[in-house]
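# Residue-level structural notes
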Amino acid sequence: MGTETGSGQMVRALSWKGAFWVAAGVPPLVLFSIGGISGTVGQYAFVVWMLSMIMGFLQSFTYAEMAGMFGTKSGGTSVYGATAWLRYSKLIAPLSVWCNWFAWSPVLSLGCAIAAGYMLNALFPIPLADSQPVQDWVAANIANFTAESEAVVAYMAANAGVTAQDAINAVAGAAGVEAMTPWFRVYEAFTITIPGLGMLHFNSTFLIGVVLMLIILAIQERGIASTASAQKWLAIIVLVPLLLVGLVPIVTGSIDWMNVTNLMPPNAGDAGDWNIGGWTLFLGGMYIAAWSTYGFETAVCYTRELKDPTRDTFRAIFYSGLLCVVFFFLIPFSFQGYLGQDGMTQPGIVDGTGVGEALGNMIGGGPVITQIFVILMIIALFLAIMTAMAGSSRTLYQGSRDGWLPKYLGTVNEHGAPRKAMWTDVAFNIFLLALASDAGGYFYVLAISNVGYIVFNFLNLNAGWIHRIDSAHMERAWKAPNWLIGVNTLLAFVNALFLGAGAKVWGYENALWSGLIFAAVIFPVFWYRHYVTDKGKFPKEAYEDLGLPYGELGERKAGILPYVALVVGAAVVLWANWFFVLPG
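Since the structure is predicted, the reported quantities are computational estimates derived from the model, not experimental observations.

Scoring rules and cut-offs
Residues numbered from 1 in each chain as written. Predicted model: local features only at pLDDT ≥ 70, side-chain atom pairs only at ≥ 80, totals over all residues. Heavy atoms only, no water. Phe/Tyr/Trp six-rings, centres within 6.5 Å; stacked < 30°, edge-to-face > 60°. Helix = DSSP H or I, 4+ residues; strand = E, 2+ residues; numbered from the N terminus. Buried < 20%, exposed > 50% of the residue type's maximum accessible area, 1.4 Å probe, protein only. Lys NZ or Arg CZ within 6 Å of the ring centre and 35° of its normal. Expected span 1.5 Å × (residues − 1). Arc of directions from axis to C-beta. pLDDT = per-residue confidence, 0-100. Contact = heavy atoms within 4.5 Å. 1 Å grid on protein atoms, 1.4 Å probe; cavity = no way out; pocket = protein on both sides within 12 Å on 5 of 7 lines; lining within 4 Å. Points joined across faces, edges and corners; volume = space filled by probe spheres on them. Core = buried A, V, L, I, M, F, W, Y, C linked by side-chain atoms within 4.5 Å.

### Remarks on the packing of aromatic side chains
Tallied over the full model, the rule gives 38 aromatic pairs. Ring geometry for tyrosine 44 and phenylalanine 282: centres 6.3 Å apart, planes at 80°, overall edge-to-face. Taken together, the residues tyrosine 44 in the loop between helix H2 (30–41) and helix H3 (45–67) and phenylalanine 282 in helix H12 (residues 276–293) connect sequence positions 238 residues apart. As far as burial versus exposure is concerned, tyrosine 44 and phenylalanine 282 are alike and both buried. Ring geometry for tryptophan 274 versus tryptophan 279: centroids 4.6 Å apart, planes at 40°, classification tilted. Sitting over the ring of tryptophan 233, lysine 232 keeps its end group 5.5 Å from the ring centre.

This is the structure:
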């Protein structure tokens, strides 16, 4: 372990406060899916966020204990938990790490897609139909539209009872908006269809997103201390106004309490009963909220770079969790109370590009304040993307060091940053960015990546009690109460329920299976690394971290219990996927 840059190793340059600031990019994740969850769960959306955050906070105590056991590891709780499974199956450990990585990594592409949307709105806006340039174009070209024009005839067929002149005016207005829209706003070089996956769009959103991704990569090349410093100022700039947005509507009485009381089930259109369809939508909300609310576990990704890992790991994750409790309780509640169900399901809220304007309106700001909040939203996205890149790249790095992922990922640059892992992250997300560059692809990427995240959480929560049995000899900087380890073990199976019932809710019936197939990609990757590159043994440091002799994995003191947990978890997922169905 290096203590200075240029050592060729990760550098111990971080306090728990630095790790806290790096993890401060998690609260803005609420803005990624706040509209999508409202459109799915209805008035119970803010309840979903609160319940999910409570689960995430409880689960973090298991993760905090495991993080304190491995002061020389990077990569986060998936790495610490994966070691518990090594004795029982060499395949489960890399699966945990891989699932955590492909859950976190897409924050880069999704965040860049939203940020690109904001920039397109600001620099290349679509003109309003009643704007002067559009009106001038219509006046100059309306003579080209007649009652016999193909577009006019189609409009009249689709709108029974409309007069020919009204149809001409409507069609001419739409043509004027299209003609006066800047070319770059609708630019698309080409598309590629991938059977079973979706369509890749190489458009203006894609181009801007790639540039943003490379800028963030350049910042992180300077090492974790530089990243934490940048994160600190970005977090202060973003989180203070975001906190005010959550508080001001409550203090000023702008909350319409009817929006958060007398709540109707998600399937209100179906007699308002909590039937199977209603519960399926609710569980779908819990499924996708977990992708954001559990995310502060990334605070322990930097254990190997902490100056005092024994003391700082628990503090980093605990205080990051408290920060998230405040924001994930407050923001969804205020949003829903102010906007109501109709406002929460507007296209700009669902795809994220209208959230900045909504934030400005919530505190009664004019056009200038609204534009400031739009800029803050872009900074908030940068904050979230920085957090994701820092954490996910270190997961790849440690996975390589432990012998689970390709060897080339296990090196760092002169600043102690895992350069090759970060570039791999960027390359993967350039592909995902092409997939997420339209609204449909955005939620598809989110739904599939969350399959990995729930699988990781299931394995890791069970790793807590496995470590208690098999690694009782290892020193723990902080130890969770026994009852809490038990509660979190139960929550592992609750998460399995969310996975089976919820993945199908987001418009893609096969999202669960697509996610599981992608999760299985790790098996041939691990096989090549372990049996071809490493000749069937893990690197020496992997055994040392567990306090075991080289080449030995130790006694399986937990017996068949880990296998029972896997079988029961799989059964819960399959049963929930069969039992829970969408309304109608």
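### A few points about helix H21 (residues 522–533)
Counted at 1.5 Å a residue, the expected span for H21 with its twelve residues is 16 Å, and the 15 Å between its end C-alpha atoms agrees. Of the positions making up H21, those classed as buried are Ile522, Phe526, Arg529 and His530. The buried residues of H21 occupy one face: seen down the axis, they fall within an arc of 85°. With respect to the buried face of H21, the exposed residues turned more than 90 degrees away are Pro524, Trp527 and Tyr528.

### Points about the confidence of the model for the protein chain
Put simply, the protein chain has an average pLDDT of 85, and 94% of its residues get 70 or more. Confidence drops under a pLDDT of 50 for residues 3–7, and excluding neighbours within four residues, the segment shows seven contacts in the predicted structure.

### Some remarks on empty space enclosed by the protein
One simple way to see leftover space: roll a probe sized like a water molecule over the atoms. Within the structure shown, the criterion is met by one cavity of 30 Å³ or more. Quantified by volume, the largest cavity comes out at close to 60 Å³. Along the walls of the largest cavity sit Leu31, Val238, Pro241, Leu242, Leu359, Phe373, Leu376, Met377 and Ala380, which together make up its complete lining. Sorting the residues of the lining of the largest cavity by element identifies helix H11 (224–252) and helix H16 (367–401) as the ones contributing at least two each. Sort the elements by how many residues they give to the lining of the largest cavity and H16 lands first, with four residues.

### Concerning the environment of phenylalanine 184
Mapped onto the secondary structure, phenylalanine 184 falls in the loop between helix H9 (164–180) and strand E1 (188–194). For the pair phenylalanine 184 and serine 149, spaced 35 residues apart in the sequence, the C-alpha separation amounts to 28 Å. If we skip the residues at most four places from it in the chain, phenylalanine 184 touches Leu120, Phe124, Ser204, Leu207 and Ile208.

### Re the side chain of glutamine 220
Mapped onto the elements, glutamine 220 comes out in helix H10 (residues 204–220). Here glutamine 220 falls in the buried class, since its relative accessible area comes to 1%. Non-local contacts of glutamine 220, meaning those with residues more than four positions away in its chain, are made with Thr227, Met386, Met389, Ala390, Arg394, Ala417 and Met422.

### Thoughts on the nonpolar core
Across soluble globular proteins, you tend to see nonpolar side chains buried next to one another. Counting residues in hydrophobic clusters, the biggest one holds 178 residues, and the most contacted among them are Phe32, Ile37, Tyr287, Phe335 and Trp404. Beyond its immediate chain neighbours, meaning those up to four positions away, phenylalanine 335 contacts Ile34, Gly340, Met344, Val355, Ala358, Leu359 and Met362. If you look at the next biggest cluster of nonpolar residues, it comprises ten residues, including Val134, Val171, Ala175 and Val177.

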